[in-house]
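Listed below are the residues making up each chain.
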Amino acid sequence: MAFFICQPGEGEALSPDGVEIVQRHDDFTLPDLEELAPVPQRIKVALENLEGRLRADFAALHCRDDLQLLRGELCKITGLLGSLATHIGQTTSAGLPSDVDEFVQALEKSKEGADGGSDGTGRTRVTQLNEVAVLAEADSRVTNTTRQSLYDTSSKRGSMMNVSRHDVLQKHTCEMYQFEESTWTTIAFAFTPCYGFWGSLHVLATALFNVLIQGFFGLMVFYTLTKPQVTEKTIQQAERWRMTTGHALTHYDRALNYSLVARVCSKDDSLHISGTQMELFKNIDAYLGTSSSGIESYMTGDMLCLTVIACWSLMVLQEILKVLDLLRGLISIPHHGMEIMRVVNDDRSSHYELASLSRCRLALLSIIITYRVFFCILVLYGGVLFLVNTIKLEDLILNAVALEVILHVDKLIFHSLSATPAKHLVSHLAPIKMKQWPRWYGLDVKAATATLLLPIMLCTIYYGELKPIIADVTSVSSELCGGNHDFVWSPDARNVAIMSPTEAVQGAVQHMRSKAQAEAVKEAISMTAGRSQPAMHSIWMQDANVMSFTAAASLSERIDETQPNCMDLPAGRAEFKYMQELTDNTSLRECKDLLHWCFKPSRLDWHRDTDKGLMARILCPETCGCADPFSPLLFTAGCSRHCSNEAKNP
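Residues numbered from 1 in each chain as written. Predicted model: local features only at pLDDT ≥ 70, side-chain atom pairs only at ≥ 80, totals over all residues. Heavy atoms only, no water.

**Student:** Quick question: what am I supposed to make of the packing of aromatic side chains here?
**Tutor:** How two aromatic rings sit relative to each other is set out by the distance from centre to centre and by the angle between their planes. A complete count under the given rule lists nine aromatic pairs for this structure. Here the aromatic rings of Tyr-462 and Tyr-463 are separated by 5.0 Å at their centres, their planes lie at 90 degrees, and the arrangement is edge-to-face. Residue classification places Tyr-463 among the exposed residues on the basis of a relative accessible area of 56%. In textbook terms, an aromatic cluster arises when at least three aromatic residues are bridged by ring pairs, as seen for Tyr-177, Phe-179 and Phe-189. (Phe/Tyr/Trp six-rings, centres within 6.5 Å; stacked < 30°, edge-to-face > 60°. Buried < 20%, exposed > 50% of the residue type's maximum accessible area, 1.4 Å probe, protein only.)

Given below as structure tokens:
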């Protein structure tokens, strides 16, 4: 190809914006170096370097901004050619040669006098050509520096191209496909001389291994992980638990005066039963945000779910677009056999270019691309169902990250199992130009389609999949913790349901009904196993069997055990701690301090403000006069049967 660098030829001209290079032929040609026998070796090397640079730069032309950059470099090369022609002595009176062809003609004319000729200054042609070779090498180094400076300044105003014009990027934007370091890329060059026979078999084996792993992951997600965590059965089970167990008198907490439902819905972690229901309610409450207020109330599970689904959709969309870009790139290159070119760069490094692809291999790669697109769609749908049915907030983010691994299995296999030649070829492949999408005022079809598709897909997922899940989750929450929590029930002997309200005890010690009981448990916890010190708040039994029998005894039986001789309990006994709690008076330490309460009526467990008299008579039967037949005591509840017998039979 002949490039018109500084002036156009007849019938050809530069484009109006001055950035295109008019091309005359399909390939450019430099003189056959074998025909220039008299030319020294240094001149041949200089011309070979020039030809290599021109071919490399021409092969790298992908869009118009590359042509603009090359035009400036070729203008400098034209100056070099002119200098070479001047030293040879063949420069015409018309000026410097305008293209490479004119320089070739001038160089061919100089062959006859190249051996020992003189220019009148005493220098031979060979000496002059040697000087020109030095100029060529120096100019080559300057040209490389100039190329880099052109790239560094191309975006500034006043440089080669003013990109502030609205149409510049429209004309010079182009899309390139950069080959991925993936197992799918290595399979494209299988059974070519690049890999060899065994290398190609290894590439085929890794590709099949990739299909197996990704296929297993995809089917596992689609058939196993997409099952909803909350279904109609979950709603029915929550209702059955609430009606049979949650308010049952058998699960009533006498210490807290709480029903089981109240403890579950208050997220009481001290529960030893109904842990499944409490964990489910915790997740649902966090998902729906019913306990949140202010801006936190908008941070609900459905919003997080949509955000995570959007990110997952973008991951899959990116993978699909990469696959389609590969197809566009493969279609855009010639299809007359498999050709991979090795290109040597100016810095002695090299890269590879896919120059041509056979139609049979293109058809095979099209089948693989179709499979990849189908797999991405399958995984996208399965992943969306997986995320929609996840109601635990922490799992939503972790599941999305886990799904991304499925898309990157091919890259993991490439870096872990691929042979070195395959890695080298793929990592050094130059990008290929793709056919442009139609654009309208800077917006192309691909970007517009993806931007519209994402919100449409999110709306479809929300109303088609997520909203029914939210309705089921809300129903489960209502069945577990809706309505009144503070009541218990039990059937009587007639099988009639009897109800009782419950109200949590408010006090300093919230986890137990009695302060004295709480102090007794804390005291026991702090004790050593041998109980070397006496208990101040409790009575220790011999073993658990005796304690079980004592705990099951009735109130009258325990009173008889406490007052075997109808005598007052000694000061300092643990029972006085409970009397101090009842009267809210810590100065009560002995029976004479309780005389005031001996004549009070009391029904323990019915009214906590009137059970002081009962406890006073239990602790101090002698002071209260339980055994005195002349005592003014009217209420004898709390006096043992032994005391009553003594009063009747003095």
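**Student:** Would you take a moment to explain the nonpolar core for this structure?
**Tutor:** In summary, soluble globular proteins display a tendency toward joint burial of nonpolar side chains. Ranked by size, the top nonpolar core spans 46 residues in total, and within it Ile-309, Trp-312, Leu-387, Val-388 and Leu-466 carry the most contacts. Contributing elements (two or more residues each) for this core: helix H8 (232-246), helix H9 (260-265), helix H10 (275-288), helix H11 (301-332), helix H12 (359-388), helix H13 (393-407) and helix H16 (445-481). With 10 residues, H16 is the single largest residue contributor to this core. Filtering out sequence-adjacent residues up to four positions away, Ile-309 remains in contact with Val-384, Leu-387, Val-388, Leu-458 and Ile-461. Counting 28 residues, the second-largest nonpolar core is a separate cluster that includes Ile-187, Ala-188, Ala-190 and Val-323. (Core = buried A, V, L, I, M, F, W, Y, C linked by side-chain atoms within 4.5 Å. Helix = DSSP H or I, 4+ residues; strand = E, 2+ residues; numbered from the N terminus. Contact = heavy atoms within 4.5 Å.)

**Student:** What's the story with the pattern of salt bridges in this structure? I'm lost.
**Tutor:** Should their charged atoms come close, side chains of opposite charge can pair. Applying the stated criterion across every chain, the model contains 16 salt bridges. In this structure, Asp-410 and Lys-411 form a salt bridge, with 3.9 Å as the shortest nitrogen-oxygen distance. Per residue, the accessibility class of Asp-410 equals that of Lys-411, and both read buried. Members of the salt-bridge network, linked through shared partners, are Glu-175, Asp-325, Arg-328 and Lys-446. (Salt bridge = Lys/Arg side-chain N within 4 Å of Asp/Glu carboxyl O.)

**Student:** Looking at this model, I keep getting lost on the confidence of the model for the chain. Mind explaining?
**Tutor:** In low-pLDDT segments, the atomic positions of the prediction should not be examined closely. When pLDDT is averaged along the chain, the result is 74, and 68% of the positions lie at 70 or above. Across residues 110-161, confidence stays below pLDDT 50; counting only partners more than four residues off in sequence or on other chains, it has 76 contacts. (pLDDT = per-residue confidence, 0-100.)

**Student:** What should I look at first to understand the packing of H11 against H16 in this one?
**Tutor:** The packing of two helices is summarised by the inter-axis angle and the distance between the axes. H16 packs onto H11 with a crossing angle of 140 degrees between their chain directions and a minimal axis gap of 10 Å. Classed by the angle they form, the pair H11 and H16 counts as oblique. You can see that H11 and H16 cross each other, and the crossing is right-handed. Here Asp-302, Cys-305, Leu-306, Ile-309, Ala-310, Ser-313, Leu-314, Leu-317, Leu-321, Asp-325 and Arg-328 of H11 come into contact with H16, specifically with Lys-446, Ala-450, Leu-454, Met-457, Leu-458, Ile-461, Tyr-462, Leu-466 and Ile-470. Classifying every residue of the contact of H11 with H16 gives 15 nonpolar, one polar and four charged. (Axes fitted to C-alpha atoms, helices over the stretch in contact; angles between N-to-C directions. Parallel < 35°, antiparallel > 145°, perpendicular 65-115°, else oblique. Left-handed = near helix turned anticlockwise from the far one by under 90°. Nonpolar A, V, L, I, M, F, W, Y, C, P; charged D, E, K, R; others polar.)

**Student:** I'm lost on the pairing of strand E2 (residues 339-344) in this one. Help?
**Tutor:** For a regular strand, the rule is simple: side chains alternate between the two faces of the sheet. In terms of strand pairing, E2 meets strand E3 (residues 350-356) through six bridges, oriented antiparallel. Residue pairing across strands places Val-344 opposite Ser-350, the latter belonging to E3. In sequence, E2 turns back onto E3 through a hairpin of five residues, with Arg-348 there showing a positive phi of about 70 degrees. (Pairing = 2+ DSSP bridges.)

**Student:** It is not clear to me how unusual backbone geometry should be interpreted in this structure. Could you clarify?
**Tutor:** With a phi angle near 55 degrees, Ser-274 is a residue other than glycine that sits in the positive phi range. Along the chain, Ser-274 falls in the loop between H9 and H10. The exposure class of Ser-274 is buried, given its relative accessible area of 13%. The phi angle at Cys-566 is positive, at roughly 55 degrees, despite the residue not being glycine.

**Student:** Help me understand helix H17 (residues 515-526) in this model?
**Tutor:** An α-helical segment advances 3.6 residues per turn. Residues three or four places apart therefore align on the same side. Its 12 residues give H17 an end-to-end C-alpha distance of 17 Å, which sits within 8% of 16 Å, the value for a rise of 1.5 Å per residue. When H17 is considered as a whole, its buried residues turn out to be Ala-516, Ala-518, Ala-520 and Glu-523. Taken together, the buried residues of H17 touch helix H20 (575-583). (Expected span 1.5 Å × (residues − 1).)

**Student:** What's the story with the environment of Thr-390 in this structure? I'm lost.
**Tutor:** Its place among the elements puts Thr-390 in the loop between H12 and H13. Residues Thr-390 and Cys-305, 85 residues apart in the sequence, show an inter-C-alpha distance of 8.4 Å. Among all residues touching Thr-390, those that are not within four sequence positions of it are Gln-229, Tyr-287, Asp-395, Leu-396 and Asn-399. Looking at Thr-390, its side chain comes within polar contact range of the main-chain oxygen of Phe-386, at 2.7 Å. (Polar contact = N/O pair within 3.5 Å; in protein donor to acceptor, adjacent residues only side chain to side chain.)

**Student:** How should I be thinking about the side chain of Asn-283 in this particular structure?
**Tutor:** Within the element layout of this structure, Asn-283 appears in helix H10. Setting aside its immediate chain neighbours within four residues, Asn-283 contacts Ile-391 and Lys-392.

**Student:** What am I meant to see in the packing of H11 against H12 here?
**Tutor:** It is the contact of H11 with H12, at a shortest axis distance of 10 Å, that shows an interaxial angle of 175 degrees. Relative to H12, H11 is oriented roughly antiparallel. Grouping the constituent residues of the contact of H11 with H12 by class yields 22 nonpolar, three polar and two charged.

**Student:** How do you make sense of the environment of Ser-477 when you look at a structure like this?
**Tutor:** Looking at the element boundaries, Ser-477 is found in helix H16. Ser-477 sits in the buried class, given a relative accessible area of 15%. The residues touching Ser-477, leaving out its near neighbours within four places in the chain, are Phe-281, Ile-284, Leu-288 and Gly-482.

**Student:** Sorry if this is basic, but what is going on with a nonpolar patch on the surface here?
**Tutor:** A grouping of Phe-191, Phe-197, Trp-198, Leu-204 and Leu-208 is seen on the molecular surface, where their side chains present a nonpolar patch of about 600 Å² in accessible area. Tracing the chain through its elements places Phe-191 in the loop between helix H6 (183-186) and helix H7 (197-223). (Patch = residues over 30% accessible without salt bridge, like charges linked within 9 Å, V, L, I, M, F, W, Y side chains within 5 Å. Areas by Shrake-Rupley, 256 points an atom, 1.4 Å probe, with all protein chains shown as cover.)

**Student:** Got a minute to help me understand the side chain of Asn-399 in this structure?
**Tutor:** Summarising the element assignment, Asn-399 is placed in helix H13. Taking relative accessible area as the criterion, Asn-399 reaches 14% and is therefore assigned buried. Setting aside anything within four residues of it in sequence, one finds Asn-399 in contact with Phe-386, Leu-387 and Thr-390.

**Student:** Would you explain the state of the cysteines in this entry?
**Tutor:** Every disulfide links exactly two cysteines, by a covalent bond between their sulfur atoms. Enumeration over the complete set of coordinates arrives at five disulfides. Put simply, Cys-566 and Cys-643 are joined by a disulfide, and their sulfur atoms are 1.8 Å apart. In this structure, the disulfide formed by Cys-566 and Cys-643 twists by about 125 degrees around the S-S bond and is classed as right-handed. Of the two residues, Cys-566 sits in the loop between helix H19 (555-562) and H20 while Cys-643 sits in helix H23 (residues 641-648), which places them 77 residues apart along the sequence. Side by side, Cys-566 and Cys-643 carry an identical accessibility label, which is buried. Cys-626 shares a disulfide with Cys-639; S-S distance 1.9 Å. Between Cys-626 and Cys-639, the disulfide has an S-S torsion of -60 degrees and is therefore left-handed. Placement of the pair is Cys-626 in the loop between helix H22 (621-624) and H23 and Cys-639 in the loop between H22 and H23, with a sequence separation of 13 residues. The exposure classification of Cys-626 matches that of Cys-639, with both residues buried. (Disulfide = S-S within 2.5 Å.)

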